[in-house]
Amino acid sequence: MTLPLLLTILVLGELPGSYCTVTTVGDLTVLEGQSVTVPCHYNPQYISHVKYWCYGRMKDFCSSLARTDDPTSAPNVKGKVTIADDPTQHVFTVSMQNLTEGDSGWYWCGVELGGMWVADSTASLYISVIQGVSVVNSMVSADEGRSVTVQCLYSKNLRSSEKRWCRSGNWNSCMVTDSEGTFSSRSVFIHDDKNSMFTVKLTQLEMRDSGWYWCGAGQQHGAVHVSVTPRATTWATVSPVQYLKTTVRTPSVMGTNDPHSRPVWESVLVVCGVVLLVMTVSLALWKLRKHYKKKQKHQRTNETNDNFTMCPWREGDYKNTSVIFLNAPAQQVQML
């Protein structure tokens, strides 16, 4: 009876108390010389409990690196590891700076529950610190004609190495930084901060620039895919009234708040109507005048013909006869 009871007590002692759970992110890979921040989430009822961060393969024997109740508990890592609790979000975060390959290993987020028979609630993750190159975002995109920036990270052992930007599959396309850590061309600009990151800015993007690239330092490199999308073209439909509103600006006599004020386009239409009416009347008068002149001229021609008809001539009557035009405008002829 004693042995089963003891086993039960031991098993219960290893279970998180009162269903308290701690969760965190999965395993991480960090470049040497870089920093990392890890979030550790916990249940709301444990806001007032102590949180900690420790290092080691087994949680019962891990070395404490930081605690919320005693920030100076690990003097050997002072300034390198910081811990901060946010009770409103029920999460505490741990930041580790300037990591080296020796910092690789298992780490634990822990909430201290206290008591002899209640084990702390913890969550573990493995952090790998490596040497090499990585990118902040391996998939970037921009519209045609615009620009995009790629951030390339490298470990501290590559700080003195030249940095390169190349199109995948074409070594002749590589662009290399100079001794100042820069490179500049019409459409590519590279800048190295000489610490942990260099940036590549691509400008005036064309559709043919889409594809895979890689940024490199030393013998290490990281891949990036650049996607260029066609420039968007929009067509706006404008009605005649809207066109008048946008192109004609007529000073308004009344304020815009006057309920009896007329729209600008209405005044313009009235003016156009008056002009059109004047032009129509003028054209009609001109037509009438032209018709009257033509009719008057035709009437005069008929009168002349009548004068000749009233005085018929016999053959030989006009021999040795003179013709005198007494009234040229009326074309009246008198025979002598």
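Structure's up top.
Residues numbered from 1 in each chain as written. Predicted model: local features only at pLDDT ≥ 70, side-chain atom pairs only at ≥ 80, totals over all residues. Heavy atoms only, no water.

## Quick notes on unusual backbone geometry
In plain terms, the rule: Under the DSSP-based scheme used, a helix requires at least four consecutive residues in state H or I and a strand at least two consecutive residues in state E, with every element numbered from the N terminus. Relative accessibility decides the category of a residue: with a 1.4 Å probe and only protein chains considered, values under 20% of the type maximum give buried, values over 50% give exposed, and everything between is partly exposed.
One non-glycine residue, H90, adopts positive backbone phi at about 55°. Tracing the backbone through its elements, the reader meets H90 in the loop between β6 (81-86) and β7 (91-96). The phi torsion at K194 lies on the positive side, around 65°, for a residue other than glycine. Relative to the helices and strands, K194 is located in the loop between β16 (188-192) and β17 (197-202). On the basis of relative accessible area, K194 is assigned to the partly exposed category, the value being 43%.

## Observations concerning the packing of aromatic side chains
What characterises a pair of aromatic rings is the spacing of the ring centres plus the angle enclosed by the ring planes. The line we're drawing: Side-chain rings of Phe, Tyr and Trp, where Trp is taken by its six-membered ring, are said to pair if the distance between their centres is within 6.5 Å; with planes under 30 degrees apart they count as stacked, over 60 as edge-to-face, and otherwise as tilted. Each ring is checked for a lysine NZ or an arginine CZ that lies within 6 Å of its centre and within 35 degrees of its normal; such an atom marks a charge sitting over the ring.
Inspection of every chain in the model, using the stated rule, returns seven aromatic pairs. Centre to centre, the rings of W106 and Y126 are 5.4 Å apart; their planes meet at 75°, and the pair counts as edge-to-face. Of this pair, W106 sits in strand β8 (residues 105-111) while Y126 is found in strand β9 (residues 121-130), placing the two residues 20 residues apart along the sequence. You can call W106 partly exposed: its relative accessible area is 29%. Each residue in the set W53, Y55 and Y107 is aromatic and connected to the rest through ring pairs, giving one cluster. If you follow K51 out to its NZ or CZ, it ends over the ring of Y42, 4.3 Å from the centre. It is K163 that lies over the ring of Y154; its NZ or CZ is 4.4 Å from the centre.

## A few points about the state of the cysteines
How we decide: A pair of cysteine sulfur atoms is labelled a disulfide when the two atoms are within 2.5 Å.
Per the stated rule, a full pass over the model turns up four disulfides. For C40, the disulfide goes to C109, at an S-S distance of 1.9 Å. Its torsion about the S-S bond being -45°, the disulfide of C40 and C109 is classed as left-handed. Placement of the pair is C40 in strand β3 (residues 36-41) and C109 in strand β8, with a sequence separation of 69 residues. Of the two residues, C40 and C109, both sit in the buried class. Paired by a disulfide, C166 and C174 hold their sulfur atoms 1.9 Å apart.

## Thoughts on the sheet that holds strand β15 (residues 182-184)
What links the strands of a sheet is backbone hydrogen bonding, and the strands pair in either a parallel or an antiparallel sense. Formally: In this description, strands pair whenever DSSP reports at least two bridges between them. Helix axes are fitted to C-alpha atoms over the stretch in contact, other axes to C-alpha atoms as well, and angles between N-to-C directions run from 0 to 180 degrees.
Taking strand neighbours across the sheet as the criterion, the five strands line up as β10-β12-β17-β16-β15 in an open arrangement whose pairing is antiparallel. Two strands bound the open sheet, and with one partner strand each, they are β10 (133-135) and β15. With strand direction ignored, the average angle separating the axes of adjacent strands in the sheet is 20°. In this structure, β10 lies alongside strand β12 (residues 148-154), joined through three bridges in antiparallel fashion. Within β12, the position partnered with V133 by the bridge is Y154.

## A word on the pairing of strand β19 (residues 220-229)
Here strand β11 (residues 139-143) runs beside β19; their pairing, made up of five bridges, is parallel. Bridged to D143 within β19 is T229. Between strand β18 (residues 211-217) and β19, which pair antiparallel and follow one another directly, the connecting turn spans two residues, one of which, G218, has a positive phi of 65°.

The analysis is restricted to geometry; functional conclusions fall outside its scope.
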